[in-house]
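Summary of structural features
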Amino acid sequence: MNAIVIDRQAAIDEPTLPTLEQLTHWVGCVFAHHPDDERKELTIRFVDEQESQALNRDYRGKDKPTNVLSFPFENPPGMTLPLLGDLIICHTVVLNEADEQQKPLAHHYAHMVVHGTLHLMGYDHIEDQEAEEMEQLERTLLAELEIPDPYHVV
């Protein structure tokens, strides 16, 4: 089994960003449920609202910042690289959502990392059936991390 390699990038100066150890733990939980996936290298970049908004606008047609963007890596024809892709996480959006949802910031970050990593692995939530499958897997993974159901409304 290949080791998980995370390129942690902080484009902002913020002391409450998750550590490399936290990111590796959260991503590792996802890979524990996907032992056959050999793509164990990814970048997790923490950005400000301007960078998030520009990427969301340019790649998704939505002109506003968002919590997490997932950019899966596509291997060139004839090559197999262990790259899973990139996650772009907007700290301000995640911080505001955690506050609005009355969740610990670390719990919401874990959810965003798990959610984004599942997107990199090909999960989606466009169709209802896909959404239910993805959300249930997120609940399972977060429970293993001792984090309450992120979809449970209090």
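Model, not experiment: these values are computed from the prediction.

With that settled, consider the packing of helix α3 (residues 91-100) against helix α4 (residues 105-120). Between α3 and α4, whose axes approach to 9 Å, the crossing angle comes to 120 degrees. By the criterion of interaxial angle, the relationship of α3 to α4 is oblique. As α3 packs across α4, the resulting crossing turns out to be right-handed. Contact residues: α3 offers H91, V94, L95, E97 and A98, while α4 offers L105, H108, Y109 and M112. Of the residues belonging to the contact of α3 with α4, the class tally is six nonpolar, two polar and one charged.

What follows is about the packing of aromatic side chains. For the structure on display, the rule yields two aromatic pairs. Geometrically, the ring pair formed by F46 and Y109 is edge-to-face, given 5.7 Å between the ring centres and 80 degrees between the ring planes. Taken as a pair, F46 in strand β2 (residues 41-47) and Y109 in helix α4 lie far apart in primary sequence, 63 residues in all. The class of F46 is buried, set by a relative accessible area of 0%. Note on Y59 and F71: the rings are 5.1 Å apart at their centroids and 75 degrees apart in plane angle, and the pair reads as edge-to-face. Note that Y59 is positioned in helix α2 (residues 49-60) and F71 in strand β3 (residues 68-72), a separation of 12 residues in sequence. With relative accessibility at 23%, the residue F71 sits in the partly exposed group.

What counts and what doesn't
Throughout this document, residue positions are counted from 1 along each chain, in the order its sequence is written. Only residues with pLDDT of at least 70 are given local features in this predicted model, and only at 80 or more are side-chain atom pairs given and counted; all residues enter the totals for whole chains, interfaces and linings. Heavy atoms from the whole structure form the basis of all side-chain values; hydrogens and water molecules are not counted. Every axis in this analysis is a line fitted to C-alpha atoms, fitted for helices over the stretch in contact. Angles between the N-to-C directions lie between 0 and 180 degrees. Only DSSP runs of H or I reaching four residues or more are called helices, and only runs of E reaching two or more are called strands; each is numbered from the N terminus. An angle below 35 degrees is read as roughly parallel, one above 145 as roughly antiparallel, one from 65 to 115 as roughly perpendicular, and any other as oblique. Here a crossing is called left-handed whenever its near helix is offset anticlockwise from the far helix by less than a right angle, and right-handed whenever the offset is clockwise. By definition in these notes, contact holds between two residues if any of their heavy atoms fall within 4.5 Å. Under the scheme applied here, ten amino acids are nonpolar (Ala, Val, Leu, Ile, Met, Phe, Trp, Tyr, Cys and Pro), four are charged (Asp, Glu, Lys and Arg), and all others, including Gly, are polar. Within 6.5 Å between ring centres, the rings of Phe, Tyr and Trp (the latter by its six-membered ring) count as paired, and their orientation is classed by plane angle as stacked under 30 degrees, edge-to-face over 60, tilted in between. Partly exposed residues are those whose accessible area sits between 20% and 50% of the maximum for their type, while under 20% is buried and over 50% is exposed, using a 1.4 Å probe and protein chains only.

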